[in-house]
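If you want the building blocks of each chain, they are given just below.
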Amino acid sequence: MRKPIIAGNWKMNKTMAETKDMITALKPLVAEADCDVVLCVPFTDLQTAKKAAKGSNVKIGAENVHWAEKGAFTGEVSADMLKELKVDYVIIGHSERRQYFGETDETVNKRVQAALNAKIKPIVCVGETEAEREGGLTEKVLERQIVEGLKGFKAKDFDKIVIAYEPVWAIGTGKTATATDANNTIGYIRHILAKKFHRSIAEKTRIQYGGSMNVKNCKELMAEEEIDGGLIGGASLKVDDFAYIVNYNK
Ligand code: PGA
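All of these numbers come straight from a predicted model, not from anything done at the bench.

Undergrad: Even after reading the chapter, I still don't get helix 7 (residues 138-149), so can you show me in this structure?
TA: What sets the pattern is the α-helix's 3.6 residues per turn: residues three or four places apart point alike. Helix length check: helix 7 (12 residues) gives 16 Å between terminal C-alpha atoms against 16 Å at 1.5 Å per residue, within 8%. Of the residues making up helix 7, those classed as buried are Thr138, Val141, Leu142, Glu143, Gln145, Ile146 and Gly149. Buried-residue contacts for helix 7 involve helix 4 (95-100), helix 5 (105-117), strand 5 (121-126), helix 6 (130-134), strand 6 (162-165) and helix 8 (179-196).

In structure tokens:
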């Protein structure tokens, strides 16, 4: 059985003061959750978030990590730096990083390795753009992102790796894939994992849906068999909305 995981992706939002307020308010609302609860926050909020979440079931993640141990990489943060803050998860290869910051499947692969070396669980994002979808390329793009991005990882690594399927056209747009579409596409990702890695890996890897998931559609999406959780952007910024999504099965 795969344990569902609902993760927030705050992107470039919230100051330290706002972080403390939100997590303090959130904790009692999600204490009875049956899923893993994660908030991925800006680097500058990590320490505050960890402190505010202490003693609760809320885990904290970063939104990126560099692959090198250290060195001349202005503006980057290493996995050891995150490990020192006891960060639990890290988002890797988000479509905004691919689109605006030159992230490739190769750099995704290196970042996942760095996270695993530091015992931080990677949330690896994949998904097709609108043009790719319209061009009938969805399956091809997903296969490339999974095979190249996760090249070289072993069965035990997939106990830690979480995959987030986020169709780029659904992110921040209010357009969601239908629950059936999202379920079928995630089923296809499992098919790739079975074909290129191993059937046991396809069965155990947790795969989230992301892209305008909100209080209105979360129950329907989470009811689908292949969908093991959500990566939530906009709706993770509001305490009540995020708590509602985390408690989708109550
Ligand atoms: P959204 O973002 O929920 O605001 O669409 C999801 C994401 O980018 O992870």
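We are not done yet, so read on.
Undergrad: Help me understand the sheet that holds strand 7 (residues 206-210), please; the structure alone is not making it clear to me.
TA: Sheets are built from strands paired through backbone hydrogen bonds, the pairs being either parallel or antiparallel. Strand order around the closed barrel formed by 8 strands is 1-2-3-4-5-6-7-8, with parallel pairing between neighbours. On average, adjacent strands in this sheet sit at an angle of 25° to one another, irrespective of strand direction. Of the strand pairs in this sheet, strand 6 and strand 7 are connected by 4 bridges, and their pairing is parallel. Counted as the bridge partner of Ile163 is Ile207 from strand 7. Across the face of the sheet, helix 11 (residues 239-246) comes into contact with strand 1 (5-9), strand 2 (36-40) and strand 8 (229-232) while running at roughly 160° to strand 1.

Undergrad: So what exactly am I meant to see when it comes to the pattern of salt bridges here?
TA: Once their charged atoms are close, side chains differing in charge can pair, the charge on each being opposite to the other. Across all of its chains, the model carries 22 salt bridges by this definition. Between Glu226 and Arg190 there is a salt bridge whose closest N-O contact spans 2.7 Å. Linking Glu226 in the loop between helix 10 (218-222) and strand 8 with Arg190 in helix 8, this pair joins segments that are 36 residues apart in sequence.

Undergrad: Before we go on, may I ask you to explain the environment of Lys219 in this structure?
TA: Structurally, Lys219 can be placed in helix 10. For Lys219, a relative accessible area of 36% corresponds to the partly exposed category. The contact partners of Lys219, leaving out residues within four places of it in the chain, are Tyr244, Tyr248 and Lys250. Looking at Lys219, its side chain comes within polar contact range of the main-chain oxygen of Tyr248, at 3.1 Å.

Rules and cut-offs
Residues numbered from 1 in each chain as written. Predicted model: local features only at pLDDT ≥ 70, side-chain atom pairs only at ≥ 80, totals over all residues. Heavy atoms only, no water. Helix = DSSP H or I, 4+ residues; strand = E, 2+ residues; numbered from the N terminus. Expected span 1.5 Å × (residues − 1). Buried < 20%, exposed > 50% of the residue type's maximum accessible area, 1.4 Å probe, protein only. Contact = heavy atoms within 4.5 Å. Pairing = 2+ DSSP bridges. Axes fitted to C-alpha atoms, helices over the stretch in contact; angles between N-to-C directions. Salt bridge = Lys/Arg side-chain N within 4 Å of Asp/Glu carboxyl O. Polar contact = N/O pair within 3.5 Å; in protein donor to acceptor, adjacent residues only side chain to side chain.

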